[in-house]
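Listed below are the residues making up each chain.
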Amino acid sequence: MNKRAAIYLIVPAFTGVLIFTFFPLIQIAIPTFQNNQSIFSEYIRFLQNTYNVQVISRTFLIAITTVVIVLIMGLPISLWIARQRTNVKQVLSLLILFPMLTNAVVRNFAWIIILGRDGILNKFFMALHIVNHPLSILYTNVSIIIGSVYLFLPIMITSLVGSISELNIEVEEAAAVLGATPLKSFFRILIPQLTPGIFTGCILVFAGTMTAYTTPQILGGNRHLVMSTLIYQQAMTLGNWQSASVIAIVLIIISALSMWIMRRISRLLDRRPSLA
Amino acid sequence: MLDRKNKVLTIVSLIVLAILMLPLVLVVVTSFNTQSSISLPIEGFTFNWYANIFQQPDFIAGFESSLLVALLASGLALLFGIPAVYALTRLDVPKASWFQSFFLSPTLIPEIVIGFALYQTVVITMRIPVFAGLIIGHFLLCLPYVIRLITASMLLLDRHIEEAGWIYGCSPKKTFFLLVLPNIKTSIIAAFMMCFINSFNNIPISLFMNGPSLTMLPPAILNYLQNNYDPTVSAISVLLMIFTGLMMFLVEKAIGIKSLTK
Amino acid sequence: MANLEVKKLAKSYDGKNKVLQDISFSVNNGELVSILGPSGCGKTTTLRIIAGLLDETSGQVLVDQADVTKTPVYKRNFGMVFQSYALFPHLNIFENVAFGLKMRGLSKTEIKSKVEEILEITGLSEFAQKYPAQLSGGQQQRVSLARALVINPQLLLMDEPLSNLDAKLRLKMREEIRRLQQKLKMTVLFVTHDQQECFAISDRVMIMKEGRIDQYDTPQNIFHHPRTEYVARFIGYDNFIHFDQAQVIDNHHVKVGNISFESIDECEKAKVLTIRPENIEIVDQNKGDNTILGTIISNEYLGQSFKYRIKTELGEFQVEESRKKMRLVGEQINLEFPAKHLHALSE
C-alpha cells in the first residue's frame, strides 16, 4: 500500500520537473551537437570567436572578484551579528533580509544613482577635487562587480550568520585561555571551523553571479556582456537560437563544473573527519 | 575573543551595514525630487512621480499579472511539492535522496537558461500559451523552496505523532490533514512566502515569456528604465520596497521572520 | 480489557536476516507483562507488530481469540504510550485526550464527560486547556496515558514510556502506572530496557535476545532461577564460572581447577555456575569446597555497602559486602560461594 501511495504522491512533481526542466534542456542541447562536421564543431566554432571567449572570461572574472569581496565584507559583520544578544540579532537579521527580498531591479537601479556620470560618487569626487572629469564607472566591469556584491552580500551574511551561530563559543574561550589573541583566534580557530560554511556561501554567491542576468543587464550595458546577457541578446535580439543554445549549454557546464570543484576543495580543506 | 564588544569588528560591521542600507535610502530620497532627472541633492519635494506610476499601463497590468503568476505558481508548487515531500520523508521510498536532489535540480540550472529553454519547448514547440508557460517557469523556480523548507520541518516532526493518530482510529489520509498539516503550517507559510517573493521579483524567466498582451512588473520597470531616466523608477522602487516590508511584516506576525532563513 | 495471544511471530526486512523469530506468548486479561532486553533485541519490533504499525513476515496476533493480524492499525482498539509521548502539538490537552473518542464518532457530551473523568483520574484536570509544550515531561507522560485510557482499549501498549523522565519521576510514574493498571484491570504490554523498572511493576517478564524469547516468567522466578547466562547477566548476576561435562562430579558437584563447587541446581546438563555479588561471602578461613582465595584489585563505596573486584585463579569476581570499614586494594581474602545461591545454567 505504501508503494502505491508513494508513487501517486511523487509522480506529479516528478513529471513536472522532468518535462519542464530536463526535456527542454535536452531539446535545446540536441541541435547544438548535430553539425555536419563533428558533434562538437558548434562548440569549437563558438570558442574560436575571441569575442565569446572574452565574454566567458569576463563572466568568470566578475564572479570570482565578487565572491572574494563579498566574503571579505561579509565575514566580520556576520561574526558581529551572530554574537549579538538575541533581540539585537533579530533586528539586524531583518535589516539584512530586507535588501535580499527587495526586487533586483530596485537594488541595481540604486547603483545607477550612485555610479552614474551625474551620480553621487562623481559629484562627491569633483567637489573634493579628486577628479576633474566625471569618472565613467557605470557600464563597466567594475559597476557589474559592485552591483553583484550588493546583490549577493545579504545571502553570504545570512548563510554565515547561520554557521557561526552553530559554533560552540567555548572553543574560542578555550583558545583565549591558552593565550590566543582575538586576531589569532579568528584565523586559527574560527576560520577553520567555518570552512564548510564559508564554502557554502561562496558557492551560492559564485553560482549566483555567474548566472545573474539583471545586474549585468542594468549595470553593464550593451558593451559589457556576460554569458547570461549574451544568451538573451543572441536569442531575443538577434534571433540566433542555435548560438544561444550553445552558450546556455556552456554556461550550465561551466557553472556546474566550478561548483563541483569548489565543493571538492571545501572537502579537502575541511580537516574535521566527516561522519558519513 | 571576537564578539560584539570588539571595537574594530563593530566599526567594520557598521560600515558594511551602511553600505547595505544607504543605496536604498538614496532611492527613497530621489523619488520625491522635483527635477525630471534622477539626481541628488534634490531641489524640491513632490509626489508627482508616484502619480506618474499610475499613468503607466505597463506598470498596472504588470503588477496584476506578476501578482497572479506569483500566487498561482506558489500555490502549485505547494500542491505538487508537499505530497512529494511527504512520500520522501515518510513512506520509505527507495533512493529518496536521489529524488530529493532531482526536485532541487531546477536551482542548478541558470534561470536565464530555464527561461530560454522553456520558451523554446513550451511556447514554440508545444504551443502552450505564454501565460501558462510563465506559470510553469515560476513553478520550477518555486518548487525547490517548497521541497527544502517542508522537508526540514517534516524531518523535525515526530513520526510517532502520525502513528498515535492511526492508533486512535484515524485513517492515514485523515491523519495527514488532521495531524500533519497543522504541525507543518509554519513551514508551509514560510515556503509560500519565499515562493511568492521570488516569483514576484523574477526577471530572467519572465523576460522570455513576454507577450504583446502580457507584461510582468519587473521586466516592465527594466524596460521603462532603459527608455526613460526620471524619478518614476525611484517612486515605483519605493512602492516595491514598501511591498517587501509589508510581506516581511506579515511573515513576522504569522510565523516569525526567522523561519524564512532556515 | 482482553487477553492477547501471539503465535509464531517472525519478522524479516530483507528475507534473510530475521529480526524476530518464533515469538509465541500470551498475556492474560488484566495482566501487566514487560518485554525486557537491550536495544536491538526485537522488543520494540514485537510491540509495533502487535500494534499494527509494522507488518509481520509470518505469524498471528489474536485478541480475545479473534485474529487481528490483518486488521489495519486504525481499526484495532488499542492504546499506546510512546517513548516521545507523541502528543499532538497543535491540540490542547483536552483535545489530545478527546482525539480517539472523536474518531470513534462519540457525541460531544459523551466526549466531554469521558475526557473529564479520565483527566480527573490522572490528575490533569487543571491542564485541560494547556498545550503539550507547556507541560513538563511527567505531565506529558500522563496525558499520553490518559489519551490511551479514555478509549477503553482492549490492550495498552507502552514503548519505553519512562525512559525520557529523570530518575525520581521515573519511580513515581511507574508506581502510578501500576496503580492505574490494577485499578482499571488493564491488559498491558510494557517494553523497557530497565531491569529494575520492569521487575517492579510486572506480573510477568519476557526477556528477549536477538529476536527470540529467552525466558518468560514471573519476576521472582526469573530473579531466583535465571534460565541462561544472558538472562543472569541482565538481572545482575555478575559472576560466572564456566565448566564442561568432564568437570562434573555428580549432579550437584563440579570441580573447576582444584576447587569443588556444590550447587543447589542440577549440574549434569549445565555449562556455567553463577552467583550474585551480594551472595558471595568474604570469610576468614578457607574451608576448601566452594571457597577461593583472591586479591582485591579495586574497591568502591556504594552507600549501603562496598563493592570489590577480586582477582582469583578462576578469573575476576565482583563482591558486595556490608561492613563498617572498606577493605584495601591488595588485601588477600577468601571468597565463599554458598551452595544455595550458586546456580547452574545450561546456556
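Just so you know, these numbers come straight off a predicted model, no measurement behind them.

Enquirer: Please explain the UniProt feature "domain: ABC transmembrane type-1" (unreviewed entry) in chain A as it appears in this structure.
Expert: The feature "domain: ABC transmembrane type-1" (unreviewed entry), as given by UniProt, occupies residues 56-262 of chain A in the numbering adopted here. Between the end C-alpha atoms of residues 56-262 of chain A there is a gap of 18 Å, over a span that is 81% helix and 0% strand.

Enquirer: Explanation requested: the side chain of Ser-105 of chain B in the structure shown.
Expert: Inspection of the secondary structure assignment puts Ser-105 of chain B in the loop between helix 4 (96-104) and helix 5 (111-125). On the accessibility criterion, Ser-105 of chain B (8% relative accessible area) is buried. Aside from chain neighbours lying at most four places away, what touches Ser-105 of chain B is Val-17 and Phe-22 of chain A.

Enquirer: Looking at this model, I keep getting lost on the arrangement of the chains. Mind explaining?
Expert: The assembly contains two pairs of chains in contact; the pair sharing the most contacts is chains A and B. Of all C-alpha pairs spanning chain A and chain C, none lies closer than 11 Å, and the two are not in contact.

Enquirer: Help me out: how do you make sense of the UniProt feature "transmembrane region" (unreviewed entry) in chain A in this one?
Expert: Under the present numbering, the feature "transmembrane region" (unreviewed entry) in UniProt falls on residues 7-30, 60-82, 94-116, 136-157, 194-213 and 241-262 of chain A. Annotated as 100% helix and 0% strand, the span residues 60-82 of chain A places its first and last C-alpha atoms 31 Å apart.

Enquirer: What should I look at first to understand a nonpolar patch on the surface in this one?
Expert: On the surface, Leu-22, Val-25, Val-29, Ile-42, Phe-45 and Phe-47 of chain B cluster together into a nonpolar patch covering about 550 Å² of accessible area. The residue Phe-45 of chain B is located in the loop between helix 1 (7-30) and helix 2 (48-53) in this model.

Enquirer: I keep staring at the UniProt feature "domain: ABC transporter" (unreviewed entry) in chain C and nothing clicks. Help me out?
Expert: The UniProt record marks residues 4-235 of chain C with the feature "domain: ABC transporter" (unreviewed entry), using the residue numbering of this structure. Its end C-alpha atoms 26 Å apart, residues 4-235 of chain C is made of 36% helix and 25% strand.

Enquirer: Is there a simple way to explain the sheet that holds strand 18 (residues 306-312) of chain C in this structure?
Expert: Residues and elements named next belong to chain C. Across the sheet, five strands lie side by side as 16-20-17-18-19; this open sheet has antiparallel pairing. Edge strands, defined here as strands with exactly one partner in the open sheet, are strand 16 (281-283) and strand 19 (315-321). Averaged over all pairs of adjacent strands, the angle between their axes in this sheet comes to 45°, without regard to strand direction. When strand 18 meets strand 19, the two strands line up antiparallel, connected through seven bridges. For Ile-310, the partnering residue across the bridge sits in strand 19 and is Phe-317.

The rules behind these values
Residues numbered from 1 in each chain as written. Chains lettered and ligands numbered in written order. Predicted model: local features only at pLDDT ≥ 70, side-chain atom pairs only at ≥ 80, totals over all residues. Heavy atoms only, no water. UniProt positions renumbered as here; feature names shortened; annotations may be inferred. Helix = DSSP H or I, 4+ residues; strand = E, 2+ residues; numbered from the N terminus. Buried < 20%, exposed > 50% of the residue type's maximum accessible area, 1.4 Å probe, protein only. Contact = heavy atoms within 4.5 Å. Patch = residues over 30% accessible without salt bridge, like charges linked within 9 Å, V, L, I, M, F, W, Y side chains within 5 Å. Areas by Shrake-Rupley, 256 points an atom, 1.4 Å probe, with all protein chains shown as cover. Salt bridge = Lys/Arg side-chain N within 4 Å of Asp/Glu carboxyl O. Pairing = 2+ DSSP bridges. Axes fitted to C-alpha atoms, helices over the stretch in contact; angles between N-to-C directions.

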